[in-house]
Amino acid sequence: MPRLDYLTAGESHGPGMLCIVSGIPSGVRIDTARIDACLARRQGGYGRGGRQRIERDSVEVLSGVRAGVSMGSPITLRVANRDARLDDAAKTPPVFRPRPGHADLAGSIKHLTTDCRGVLERASARETTARVAAGALAGEMLREFGIEAMAFTRSILGESCGVEVREQNWRDVRAARDASETYCPDSEATARQVRAIHAAKLDKDTAGGVVEAHVFGVPPGLGSCADWRDRLDARLAGAVMGVQAIKGVEIGLGMACASRPGSRVHDPIGYDASLREGHHSLGFVRPSNNAGGIEGGMSNGQPIVVRAAMKPISTLVRGLPSVDLNSKEAEASQYERSDICAVPAAGVVVEAVVLFEVARAFCDKFAGDSLTEVRGQWESYLKLARNLPLDPPAMTLA
Ligand code: EPS
């Protein structure tokens, strides 16, 4: 049984984007309509460019699923590119004037060429189509255990919303997000964000922002404090930082922890016996969640909260100071059709990669070839954890 993992392949203007997901147990019902709904959401949001009017992202399942149910073998998902023209040099010409902020300069030097085309085709955020498909697939398994994620736009160009997301209101927040052009659950903040994106467009400029992901239903004990590679916060940060254009990641209170004393950072621990049986927290309650659901590299039963800062898109209509890589003369960076703002889409991508990492930690803890076996592991662990202290009592170190 391989660890839950995935690999993506595909270029922005190649025939399509692929992901191969290994380690999904057999017996998981896979609803491709739900995966397609995530893909459609990723294509949307105010500030997107012309490409999204061409594409109609939808998954084709090439392996690992039989009659809508996972088989325990690698699952291959393919999303076709309608704007496929990689081999047409007239339509996808070489790029010799690298865009500051894009992969163009570093990648072309790395590959010992002055044509940035090959590098930018793979570096393109078109690849996030495959990651959203992988995350949504992992979500199909997690929903069997009551684990769900929701991400939204917190701010764009500093235009911020102050909504507080809790276990009790997150579905309402999600509905408000889905009614917003910028995927922000506050209509006034949405209007300000739309104006800011529009102003950037008029200025031939671009806009970045902050997205925030929450995961609900995660039991305590996913991840590890024993090995830095398995710390859940480290895995989440790596996965989110691995998303194109993300420059900052926070868990819970994040950077703000550094300017508060401990008494105003650490979430008090309480116990509510009425939540012992039916709730994944096993009855432990925390009046605040500054830890973002992770302590010591492990989930603690509270919602997991991850925030990410996206830089503005590096393709500007007006260009930025650059050089021609052949002549080394100063020139404006090359313009290619692009988005003005992809922050709403970034929320969908961050939700997917966060969900995938939670699924990976879940499968590490509750390993099994079939969903039935995984469920058995999950149930027996929760039963033991609920009934602590165990009888006979676990050995303690003197
Ligand atoms: C991107 C450039 C644009 C974006 C693209 C990312 O593509 P194009 O050059 O074809 O207009 O639209 O993102 C997507 C295609 C997508 O589906 O998200 C870039 O240079 O990173």
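Residues numbered from 1 in each chain as written. Predicted model: local features only at pLDDT ≥ 70, side-chain atom pairs only at ≥ 80, totals over all residues. Heavy atoms only, no water.

1. Quick word on the sheet that holds strand β15 (residues 304-310)
1) Next: Read across the sheet, 5 strands follow the order β8-β7-β9-β15-β10 without closing on themselves; strand pairing throughout is antiparallel. Looking at strand neighbours, the two that pair on one side only are β8 (159-160) and β10 (246-251), the edges of this open sheet.
2) Next: As paired elements, strand β7 (residues 148-156) and strand β9 (residues 209-216) share 8 bridges and run antiparallel to each other. Counted as the bridge partner of S155 is V210 from β9.
3) Next: Against the sheet, helix α6 (residues 170-178) contacts β7 and β9, and its axis sits at roughly 55° relative to β7.
4) Next: Its contacts with the sheet put helix α8 (residues 232-241) on β10 and β15, and the angle it makes with β10 is roughly 155°. (Pairing = 2+ DSSP bridges. Helix = DSSP H or I, 4+ residues; strand = E, 2+ residues; numbered from the N terminus. Contact = heavy atoms within 4.5 Å. Axes fitted to C-alpha atoms, helices over the stretch in contact; angles between N-to-C directions.)

2. Some thoughts on unusual backbone geometry
1) Next: Residue L388 is joined to P389 through a cis peptide bond whose omega torsion reads 0°.
2) Next: Relative to the helices and strands, P389 is located in the segment after α10 (371-386).
3) Next: Located in the positive-phi region is L112, a residue other than glycine, with phi close to 55°.
4) Next: With respect to the helices, strands and loops of the structure, L112 is situated in the loop between α3 (104-110) and α4 (117-123).

3. So, the site of the ligand
1) Next: In the neighbourhood of the ligand, 13 residues make up the surrounding shell, with H13, R42, R51, R126 and R337 lying closest.
2) Next: Here an oxygen atom of the ligand sits 3.1 Å away from a polar atom, N or O, in the side chain of H102.
3) Next: A distance of 2.9 Å separates an oxygen atom of the ligand from a polar atom in the side chain of R126.
4) Next: Compared with its free state, where it exposes 470 Å², the ligand has 92% of that area covered by protein.
5) Next: With respect to the detected pockets, the ligand is housed in the largest pocket.
6) Next: Classifying every residue of the shell around the ligand gives 1 nonpolar, 5 polar and 7 charged. (Near = heavy atom within 4 Å. Polar contact = N/O pair within 3.5 Å; in protein donor to acceptor, adjacent residues only side chain to side chain. Areas by Shrake-Rupley, 256 points an atom, 1.4 Å probe, with all protein chains shown as cover. 1 Å grid on protein atoms, 1.4 Å probe; cavity = no way out; pocket = protein on both sides within 12 Å on 5 of 7 lines; lining within 4 Å. Sits in = over half its atoms within 2 Å of the grid points. Nonpolar A, V, L, I, M, F, W, Y, C, P; charged D, E, K, R; others polar.)

4. Some remarks on the sheet that holds strand β6 (residues 75-80)
Strands belonging to one sheet form pairs held by backbone hydrogen bonds; the direction of such a pair is parallel or antiparallel.
1) Next: One open sheet accounts for 4 strands, arranged β1-β2-β6-β3; its pairing is antiparallel. Since the sheet does not close on itself, it has two edges, and those belong to β1 (5-9) and β3 (59-63), each with one partner. Averaged over neighbouring strand pairs, the angle between their axes works out to 20° when direction is ignored.
2) Next: Pairing analysis gives 5 bridges linking β1 to strand β2 (residues 16-22), with the strands arranged antiparallel. By the bridge assignment, A9 is partnered in β2 with L18.

5. Here we look at the side chain of R42
1) Next: With respect to the helices, strands and loops of the structure, R42 is situated in helix α1 (residues 32-43).
2) Next: In this structure the side chain of R42 is engaged in a polar contact, spanning 3.4 Å, whose partner is the side chain of D57.
3) Next: Leave out the neighbours within four places in its chain, and R42 touches R48, Q52, D57, A125, R126, T128, T129, V132, A345, V348 and V349.

6. Regarding the packing of aromatic side chains
1) Next: Counted according to the given criterion, the structure contains 7 aromatic pairs.
2) Next: With a centroid separation of 4.5 Å and 55° between ring planes, the pair formed by Y6 and F356 is classed as tilted. Residue Y6 is located in strand β1, and its partner F356 is located in helix α9 (residues 343-365); the two are separated by 350 residues in the primary sequence.
3) Next: Seen in terms of ring centroids, F145 and F362 are 4.7 Å apart; in terms of plane orientation they differ by 45°. Their pairing is tilted. Separated by 217 residues along the polypeptide, F145 in the loop between α5 (128-142) and β7 and F362 in helix α9 bring together distant segments of the chain.
4) Next: Above the face of the Y381 ring, K365 is positioned so that its terminal group lies 4.1 Å from the ring centre. (Phe/Tyr/Trp six-rings, centres within 6.5 Å; stacked < 30°, edge-to-face > 60°. Lys NZ or Arg CZ within 6 Å of the ring centre and 35° of its normal.)

7. Observations concerning the pairing of β6
1) Next: Pairing of β2 with β6, which is carried by 6 bridges, proceeds in the antiparallel orientation. Residue pairing in the sheet places G16 in a bridge with A80 of β6.
2) Next: One ladder, built from 4 bridges, connects β3 with β6; its direction is antiparallel. When the bridges of β6 are listed, V59 appears paired with V79.

8. Focus on the packing of α5 against α9
1) Next: Contact geometry for α5 and α9: axes closest at 8 Å, N-to-C directions at 45°. Judged by the inter-axis angle, α5 sits oblique to α9. Our pair here, α5 against α9, has a crossing hand that is left-handed. In this structure, α5 contributes T128, R131, V132, A134, G135, A138, G139, M141 and L142 to the contact, and α9 contributes V348, V349, A352, V353, L355, F356, V358, A359, F362 and C363.
2) Next: Across the contact of α5 with α9, the residue classes break down as 15 nonpolar, 3 polar and 1 charged. (Parallel < 35°, antiparallel > 145°, perpendicular 65-115°, else oblique. Left-handed = near helix turned anticlockwise from the far one by under 90°.)

9. Some remarks on α1
Spacing of three or four residues puts side chains on the same side of an α-helix, whose turn is 3.6 residues.
1) Next: Here α1 contains 12 residues, and its C-alpha end-to-end distance of 17 Å stays within 8% of the 16 Å for a straight helix at 1.5 Å per residue.
2) Next: Regarding α1, the residues found buried are I35, C38, L39, R41, R42 and Q43.
3) Next: Packing partners of the buried residues in α1 comprise α2 (51-54), β3, β6, α5, α6 and α9.
4) Next: Measuring from the side-chain oxygen of the N-cap residue of α1 to the backbone nitrogen of A33 gives 2.9 Å; that N-cap residue is D31.
5) Next: Phi for G45, located one or two positions after α1, is positive at around 100°. (Expected span 1.5 Å × (residues − 1). Buried < 20%, exposed > 50% of the residue type's maximum accessible area, 1.4 Å probe, protein only.)

Interpretation in functional terms is not warranted from these geometric data alone.
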